[in-house]
Structure formats: structure tokens, C-alpha cells
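Listed below are the residues making up each chain.
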Amino acid sequence: MIFRTTPAPRRQLRRVRTTTALRPLRHRLDPARVEEIPFRAADGVRLGLTRVDPGESGRPVVLLLHGHTASADMFLLPETRNLVDSLLDDGYEPWLLDWRGSCRLPYNETGQRYTYDDVALYDIPAAVSHIRERVGDRPLFVVAHCIGSLTLSLSMTAGLVPGLAGVVSQGVFLTPKLSGRTSLRMSVAGELLKSRIDHIPVDFRKVGLRSKYTPLFALASRKASCPDPTCQMLHHSAWGSGASLFVHENLSEATHDRLAELLGPAPLWILPHLRRIELARSVVRWHETDGRYRSLPRNALDAAGRIDTPVLLLAGSENGLWLDSQKLCHQVLARRQPQLDVRYTEIPGYGHLDTFLGRGAALDVFGHILDFLGERR
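These numbers come from a predicted model, not from an experiment. (Residues numbered from 1 in each chain as written. Predicted model: local features only at pLDDT ≥ 70, side-chain atom pairs only at ≥ 80, totals over all residues. Heavy atoms only, no water.)

J.: So what exactly am I meant to see when it comes to the packing of helix H3 (residues 116–135) against helix H4 (residues 147–157) here?
T.: A pair of packed helices is characterised by two quantities: the angle between their axes and the separation of those axes. Viewed as axis vectors pointing N to C, H3 and H4 meet at an angle of 80°, and their least axial separation amounts to 8 Å. Comparing their axes, H4 and H3 come out roughly perpendicular. Residue-level inspection shows Tyr116, Asp117, Val119, Ala120, Ile124 and Pro125 of H3 in contact with H4, the latter providing Ile147, Gly148, Thr151, Leu152, Leu154 and Ser155. Residue composition of the contact of H3 with H4, by class: eight nonpolar, three polar and one charged. (Axes fitted to C-alpha atoms, helices over the stretch in contact; angles between N-to-C directions. Helix = DSSP H or I, 4+ residues; strand = E, 2+ residues; numbered from the N terminus. Parallel < 35°, antiparallel > 145°, perpendicular 65-115°, else oblique. Contact = heavy atoms within 4.5 Å. Nonpolar A, V, L, I, M, F, W, Y, C, P; charged D, E, K, R; others polar.)

J.: How should the sheet that holds strand S4 (residues 93–98) be read in this particular structure?
T.: Whenever strands of a sheet pair, they do so through backbone hydrogen bonds, lying parallel or antiparallel. A sheet is described by the order of its strands in space; here eight strands give the open sequence S1-S2-S4-S3-S5-S6-S9-S10, paired in mixed fashion. Two strands close off the open sheet at either side, each with one partner strand: strand S1 (34–40) and strand S10 (342–347). Strand-to-strand twist in this sheet, taken as the mean axis angle between neighbours without regard to direction, amounts to 20°. The sheet contact formed by S1 and strand S2 (residues 46–52) spans seven bridges and is antiparallel. Of the residues in S2, the one forming a bridge with Val34 is Val52. (Pairing = 2+ DSSP bridges.)

J.: Before we go on, may I ask you to explain the packing of aromatic side chains in this structure?
T.: In this description, a pair of aromatic rings is defined by centroid distance and the angle of the planes. If you walk through the whole model with that rule in mind, you get six aromatic pairs. For the pair Tyr114 and Trp269, a centre-to-centre distance of 5.0 Å together with 80° between the ring planes defines the contact as edge-to-face. With Tyr114 in the loop between S4 and H3 and Trp269 in the loop between strand S8 (266–267) and helix H11 (271–280), this pair connects stretches of sequence that are 155 residues apart. Look at Trp269 and you get buried, because its relative accessible area is 16%. Through a chain of ring-to-ring contacts, three or more aromatic side chains come together here, namely Phe75, Phe356 and Phe366. The aromatic ring of Tyr92 is capped on one face by Arg377, whose charged end is 4.4 Å from the ring centroid. (Phe/Tyr/Trp six-rings, centres within 6.5 Å; stacked < 30°, edge-to-face > 60°. Buried < 20%, exposed > 50% of the residue type's maximum accessible area, 1.4 Å probe, protein only. Lys NZ or Arg CZ within 6 Å of the ring centre and 35° of its normal.)

This is the structure:
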């Protein structure tokens, strides 16, 4: 028979890690070159900070920031030439931060809830401070993807990470823009589902056929061209939002088969902050009365004049999640803050995640990043 006639044991319906130990990274580097650094944010939350030893001292440093529910793994794909490979070959020392939204950590499913304010106030500044203690006055760049970039913009406009040598922002920065359908789905889904579930999983094998998540996977599969449930949830649905996270044919078969490892469950309790940000078309602070967050600007776009470093806004021409947010950001900053050094580059034929995960990203995308860094090292 294809289907079970009796329910699966409860323990198989939801396998949630409760420990804060980080899941091991997957890479093809010599393990002796990969330094995992014990690291906690100022509010006590355990994070992950990884340094890749380039084999020589004195190189400029590049901090890599992943998107929400992704992890440092997205920059270390062993099945293709990845961004860390390119940075090492071009003379840089890569550092990778697993902030509290990483799927290598359990916080999207269990533990204390957070907002993007916490990432901007605690995670990113603490990582930058720790790196600077180790590398001294060497140039420090940041390459940030999606929510990692969005929260970085809040840190930058708060003046919490001054003196960066340059920033590459991929997907979204100061002016988030979703399609009307995606925004509506996020709002409706958040209200309808918040009393039943607190996160949307991506790995159907972990939740089982008879679970409260099964209808979500069924909806994601409607009119999907790929038979893989995880791909349907991400490429065809973006955790139920109706958006698309990548151009399907840009992924290698090996990367496609690893999607459930590279991207984790999306917490529903973050949606109110995300909705406020999207409605404002700007990165806005969530906490209005809590004095701990007073250093963050209420509206990062209004405080963009505090940005003190060159910025490259990068986006795929087929971004099915954030649409033309980066182009909009470049236009707005050119009008409102013309003194800033901000440029915009669009990658033809690429979506959102495949700008880093795509099998041809080393040829089509990474050169733009390396050229930008090389002009300022």
C-alpha cells in the first residue's frame, strides 16, 4: 500500500531540535582551515561565527550574512564553485555569521521569539566587533543576502557598524517591495494560521503525511511543475506566500536535492514585523516603547544619510520575491541622498536565491561582487 492505515507515531510528525548547538557546516575545505568560534550576542543568544583561514595573514576581510531560514551553508556549497571559493582565490579572508534566523540554529521553531530589531541591534554589531578585535584595522567588507541585508541596513543607519570598507546588498536593502498577492497572502495566512501553527516547514519527510502541515504542502503543489514537495514549498510558494525564491533551471541537481537542508522552517510570528516593513516600503523598527531598541531609527530610510560606506545593490532580473526593490532603492537614494556612493547592478536571468546557489553564479554573479570589493580594498 502507498499510504499508512494507522497514524504515524507523534514523535515522527515533528522533529524539532531543542539544543542551541549548531548543525555542522557542509563544505569541501580542509577542516583545519575552518574555525568555528563560540559566540553569543549581547542579549545572551548563542549564534555561529565561522572564519575560513586563507593560509596567509593580512588579507582584507569579508563578512557573509545569509537570509532568514538559510545559513552560512549557502556560501559554502560543496557541489559547485561557491562564493567562499571565489573570495579565497581573489585574496580575501571570509567570515560567516549564522545569526538567529539561521536554520543551523533552532530559534525559528523553538526558543525565545525575536524580531529583526534584535538581529540589527545584537547579532550583526556583535559579529562585526568580534571580527575587528581579531583582524585589527584591515578593511572589512560585508556581503549580505535578503533579510541579512535588510537588517544590516538597520544596523548601518543606526550607526552601529561604522567604517565598513563596502557593502554588497543582494535582493533587498532599504526599500522592501513585495507583490500585492504575496503581501495579501502573508497577511491572511498569518491571521488564519497563527492559532494552529507557529512555523511553516519545508521538509515534508519530517512532518509526515498525516499532519497539520499537509494542507500547506498540498496548496503549494497546485500547478507546480516540479514533483519535489520541498521545491514546491520554496520555488512555487515561498512558504505559502505565492512568491518564487529562485529560477528553477539555475540550480544543479545536487543543490536542488539539498533544499530542505539549505532552507529551514519560516516562523509565522515574525510576520507582523515583516508586514509593517513592507507596508512602509522601508525598514522600520518594531519596538516603539522598549528602551533597549532606542538606538535603532524608527525608519531606516529616513536615516540613510548616516550610511558611511559604498554600497552595491545587487538583484536578479527575475526576483520573484522582492521584485524590483533594489532598483527602487537606488532611485530613492539617488533622489534623497545623492551624496551616497550607491550603485545598482541587475543580473539577467537570475531570481533571488540562485544568485548565490545557482550552478553558474560564479560566472554570472560573483564577478560583480569581486569587482566592487577590488575597487575598494
